Amino acid sequence: QVQLVESGGGLVQPGGSLRLSCAASGSGFSISAMGWFRQPPGKERELVAVSGRGSSTNYRDSVKGRFTISRDTDKNTVYLQMNSLKPEDTAVYYCNANAVRTGTSLLNTYWGQGTQVTVSS
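Report on the accompanying structure. Values in this document were obtained by computation on a predicted structure and should not be read as measured data.

## Describing the pattern of salt bridges
When charged atoms on two side chains of opposite charge get close, those side chains can pair.
At step 1: Taken as a whole and assessed by the stated rule, the structure comprises five salt bridges.
At step 2: Here D89 makes a salt bridge to R38, at a shortest N to O gap of 3.1 Å. Of this pair, D89 sits in the loop between β8 (77–82) and β9 (91–101) while R38 sits in strand β4 (residues 29–39), and the two are 51 residues apart along the sequence.
At step 3: For D89, a relative accessible area of 1% corresponds to the buried category.
At step 4: We note a salt bridge from D61 to K64, for which the minimum N-O separation is 3.0 Å.
At step 5: When salt bridges with common partners are traced through the structure, they connect R38, E46, R60, R66 and D89 into a single cluster.

## So, the state of the cysteines
At step 1: The final tally for this structure, using the stated rule, is one disulfide.
At step 2: In this model C22 forms its disulfide with C95; the gap between the sulfur atoms is 2.0 Å. Across the S-S bond linking C22 and C95, the dihedral sits near -85 degrees, which makes this disulfide left-handed. Residue C22 is located in strand β3 (residues 18–26), and its partner C95 is located in strand β9; the two are separated by 73 residues in the primary sequence.
At step 3: On the basis of relative accessible area, C22 is assigned to the buried category, the value being 0%.
At step 4: The class for C95 is buried, based on a relative accessible area of 0%.

## Examining the pairing of β4
At step 1: Most of β4 sits out of view: eight of its eleven residues are buried.
At step 2: Looking at chain direction, β4 and β9 are connected through ten bridges and run antiparallel. Each residue of the ladder has a partner; that of R38, found in β9, is Y93.
At step 3: Of the strand pairs in this sheet, β4 and strand β5 (residues 46–51) are connected by five bridges, and their pairing is antiparallel. Within the sheet, the bridge partner assigned to R38 lies in β5 and is E46.
At step 4: Hairpin connection between β4 and β5: a loop of six residues separates the two successive antiparallel strands, and G42 in this loop has a positive phi of roughly 75 degrees.

The rules behind each value
- Residues numbered from 1 in each chain as written.
- Predicted model: local features only at pLDDT ≥ 70, side-chain atom pairs only at ≥ 80, totals over all residues.
- Heavy atoms only, no water.
- Salt bridge = Lys/Arg side-chain N within 4 Å of Asp/Glu carboxyl O.
- Helix = DSSP H or I, 4+ residues; strand = E, 2+ residues; numbered from the N terminus.
- Buried < 20%, exposed > 50% of the residue type's maximum accessible area, 1.4 Å probe, protein only.
- Disulfide = S-S within 2.5 Å.
- Pairing = 2+ DSSP bridges.

Encoded structure:
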């Protein structure tokens, strides 16, 4: 099984930056993709960015050019560098991972506990 722990959230002024980190722990798995979702107040959870196989990435249109997702496969850690933050970026950010158990083709999806990002002056 896989456990995900996020860090790096907090309060930042508009135009500021934050870097979120998510470390995956466990044994007997291989991560095929990691990403970030967010849930703004009163809204449904939405995709922010995904790092897939190889160097493939996918971003929500509203964060393109401002956010960058990266992954350290040796550390099983994914990062989200958030620049030029806007009040509408305020949300609980959740780490996500798709992982295959060693020796199988069984894919499971895992979620972190979430970290609060608040953009306000």
